[in-house]
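# A look at the structure
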Amino acid sequence: MEKHKVVIVGSGPAGYTAAIYAARANMSPVMVMGMEPGGQLMQTNDVENYPGYPEGIMGPEMMEDFKKQAERFGTDIQHGLVTKVDFSKRPFTLTIDDEREMLAESVILSTGATAKYLGLPSEQRLMGMGVSACATCDGFFYRGKEVALVGAGDSACEEALYLSNLCTTVHMIIRRDEMRASKIMQERVLKTENIKIYWNTETDEVLGEKDVTGVRVVNNKTQEKQDIAIHGFFVAIGHKPNSDFLVDWLDLDEAGYVITKPGSTKTKIEGVFACGDLQDSIYRQAVTAAGTGCMAALDAERFISEQE
Ligand code: NDP
């Protein structure tokens, strides 16, 4: 069976950065790309907040650059999904697509998280054309315009406040008659004049042909429908870390994020490291993911050299 010094699982900014550092440290990394090669940025249009791109860059193009840079230093990038891991002894065993296995002296996990969406066909159709799950990434495109935002947790409140500084009105669509968010966040939202709250309200349909032009909402008490004219439709109903295949091995928090030792990317298993959104429920930015990817490669390199 093939055996490697380090296998990187997942191909977003964290995974590619780990690959660049590990390859340049002569660790001959292998990357298994996962279900969504390139990660969440593949669904983003312009990225304007990643340092080094003064004119901005398209998300997929940026990920292609990350990939080329990782390949340039010799990363072996393979298609496939890691479906099972065995961390009971070293070398660790990874099963790919339920059909082949590889051995790894160390593993860097960077499988990211997936933003949850409502699951409406109209939402799917207008993805990237006004529908977004990241206000920090895309809010800027709607400055001076009206937007809607779904959700009532801390993320939704944070995003609503962020958008309220850019947009004329933020229509906040909340399915119950109360918010899940912490009191302080709720108070901030309620005090913000240009955030208009719709209680007991759900999204019926996102409107628009090529771009979002509005949203049809329905009051779930009265069944009354209403169309709101907007340009951007933000979904902030939570993220799900892609950690299902790790539950038997690592400590996860109640939302499924991998718990790492503070100030490092070490998990509770020596030689297994986690980086990027898989272990970060707070910042979730491409640049912070890349930063922890670098940390994971340095941690793995130190681990391997200690073993040798
Ligand atoms: P949460 O799970 O806390 O909140 C999700 C929100 O989305 C809830 O209001 C929920 O409604 C709503 N929702 C879920 N599904 C739907 C749906 N189908 N239609 C409409 N609404 C829906 O996720 P967050 O991402 O907000 O937060 C995750 C964790 O991260 C939390 O622990 C949070 O406290 C933390 N966090 C902390 C921050 C901070 O401290 N600054 C910032 C951001 C996050 P309902 O309430 O009805 O279930």
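Along every chain, residues carry numbers that run from 1 in the direction the sequence is written. This being a predicted model, a pLDDT of at least 70 is required before a residue's local features are given, and a value of 80 or more before pairs of side-chain atoms are given or counted; all residues contribute to the totals for chains, interfaces and linings. Side-chain figures throughout are based on the complete set of non-hydrogen atoms in the structure, without hydrogens or water.

## With respect to the overall build of the chain
Which entries qualify depends on this criterion: In DSSP terms, a helix is any run of H or I states spanning at least four residues, a strand is any run of E spanning at least two, and both are numbered starting from the N terminus. Here the radius of gyration uses the C-alpha set of atoms, whereas the globule reference equals 2.2 Å times the residue count to the power 0.38. Note on classification: 1.4 Å probe, protein chains only; a residue is buried when its accessible area is under 20% of the maximum for its type, exposed when over 50%, partly exposed between these limits. The contact criterion used is simple: two residues touch if any of their non-hydrogen atoms lie within 4.5 Å. The Shrake-Rupley method, run with a 1.4 Å probe sphere, supplies the accessible areas, and residue values consider only the shown protein chains as cover. By the counting scheme adopted, Arg and Lys are positive, Glu and Asp are negative, and His together with the chain ends is not counted. Taken as the charge centre is NZ of Lys, CZ of Arg, CG of Asp or CD of Glu, depending on the residue.
Looking only at helices and strands, the chain features seven helices and 19 strands. Relative to its length of 308 residues, the chain is compact, with a C-alpha radius of gyration of 21 Å against a globular reference of 19 Å. Considering the chain as a whole, with its 308 residues, one finds that 51% of them fall into the buried category. Relative to all contacts within the chain whose residues are 6 or more apart in sequence, the contacts with residues 24 or more apart total 58%. Of the roughly 15,100 Å² of accessible surface on the chain, a fraction of 48% belongs to carbon and sulfur atoms. Positive and negative side-chain charges of the chain, numbering 31 and 45 respectively, have mean locations separated by a distance of 2 Å.

## Looking at the sheet that holds strand S14 (residues 201–207)
Convention followed: In this description, strands pair whenever DSSP reports at least two bridges between them. Angular values range over 0 to 180 degrees, each being the angle between N-to-C directions of two axes fitted as lines to C-alpha atoms, with helices fitted over their stretch in contact.
Read from one edge of the open sheet, three strands run S14-S15-S16, paired in antiparallel fashion. The open sheet has two edge strands with one neighbour each: S14 and strand S16 (225–229). Between one strand axis and the next, the sheet turns by 25 degrees as a mean value, whatever way the strands run. Of the strand pairs in this sheet, strand S15 (residues 214–219) and S16 are connected by five bridges, and their pairing is antiparallel. For Val 217, the partnering residue across the bridge sits in S16 and is Gln 226.

## As for unusual backbone geometry
Omega for the peptide link from Arg 90 to Pro 91 comes to -5 degrees, which places this bond in the cis form. Relative to the elements of secondary structure, Pro 91 occurs in the loop between strand S6 (82–86) and strand S7 (92–96). One non-glycine residue, Asn 26, lies in positive phi territory at about 65 degrees. Mapped onto the secondary structure, Asn 26 falls in the loop between helix H1 (13–24) and strand S2 (30–32). Of the residues examined, Asn 26 reaches a relative accessible area of 63% and is grouped as exposed. The backbone of Asn 200 shows a phi angle near 50 degrees, a positive value even though the residue is not glycine. Position of Asn 200 among the secondary structure elements: in the loop between strand S13 (195–198) and S14.

## Focus on the domain arrangement of the chain
What counts, and what does not: Delimitation of the domains relies on an automatic or database domain assignment. Here the buried area means the combined drop in accessible surface, using a 1.4 Å probe, for two parts upon being joined, counting both sides.
Its domain assignment divides the chain into domain 1 (3–114 + 239–307) and domain 2 (117–235). Computed over C-alpha atoms, the centres of domain 1 and domain 2 are 32 Å apart. Taken residue by residue, the interface counts eight residues in domain 1 and eight residues in domain 2. Summed over both sides, the interface of domain 1 with domain 2 buries roughly 650 Å², with 40% coming from carbon and sulfur.

## Quick word on the pairing of strand S12 (residues 169–173)
How we decide: Handedness of a crossover is defined as follows: orient the strands so they point away from the viewer, and if the path from the first strand over the helix to the second runs clockwise, the crossover is right-handed.
The element S12 is extensively covered by neighbouring structure, given that five of its five residues are classed as buried. The alternating pattern of S12 places Thr 169, His 171 and Ile 173 on one face and Val 170 and Met 172 on the opposite face, and all of these are buried. Of the crossover connections in this fold, the one passing from strand S11 (residues 146–150) over helix H5 (residues 154–164) to the parallel S12 is right-handed. As paired elements, S12 and S13 share four bridges and run parallel to each other.

## A short note on the pattern of salt bridges
The line we're drawing: Only one rule defines a salt bridge in this text: a Lys or Arg side-chain nitrogen within 4 Å of an Asp or Glu carboxyl oxygen.
Summed over all chains, the structure comprises nine salt bridges. The residue Lys 5 makes a salt bridge to Glu 308 at a minimum N-O spacing of 3.8 Å. Residue Lys 5 is found in strand S1 (residues 3–9), and its partner Glu 308 is found in the segment after helix H7 (286–307); the two are separated by 303 residues along the sequence. The exposure class of Glu 308 is exposed, given its relative accessible area of 66%. Of the charged contacts in the structure, one is a salt bridge between Lys 240 and Asp 244, with a shortest N-O distance of 3.0 Å. Residue classification places Lys 240 among the partly exposed positions, given a relative accessible area of 38%.

## A short note on the layout of surface pockets
Put simply, the test is: The way it works is a 1 Å grid over only the protein atoms, where trapped points that fit a 1.4 Å probe form a cavity and open points with protein on both sides within 12 Å along at least five of seven lines form a pocket, and then any residue with an atom within 4 Å of a point lines it. Grid points are joined across faces, edges and corners, and a volume is the space filled by probe spheres set on the points. Each residue is assigned to one of three groups, with Ala, Val, Leu, Ile, Met, Phe, Trp, Tyr, Cys and Pro labelled nonpolar, Asp, Glu, Lys and Arg labelled charged, and all others, Gly among them, labelled polar.
Looking at the second largest pocket, its volume works out to about 880 Å³. Lining of the second largest pocket is provided by 33 residues; of these, Gly 153, Arg 180, Ala 236, Ile 237 and Gly 238 occupy positions nearest its centre. Sorting the residues of the lining of the second largest pocket by element identifies H5, S14 and strand S18 (239–241) as the ones contributing at least two each. Here the lining of the second largest pocket is composed, by residue class, of 14 nonpolar, eight polar and 11 charged. Inspection of the lining of the second largest pocket shows a minimum of three residues originating in each of domain 1 (3–114 + 239–307) and domain 2 (117–235).

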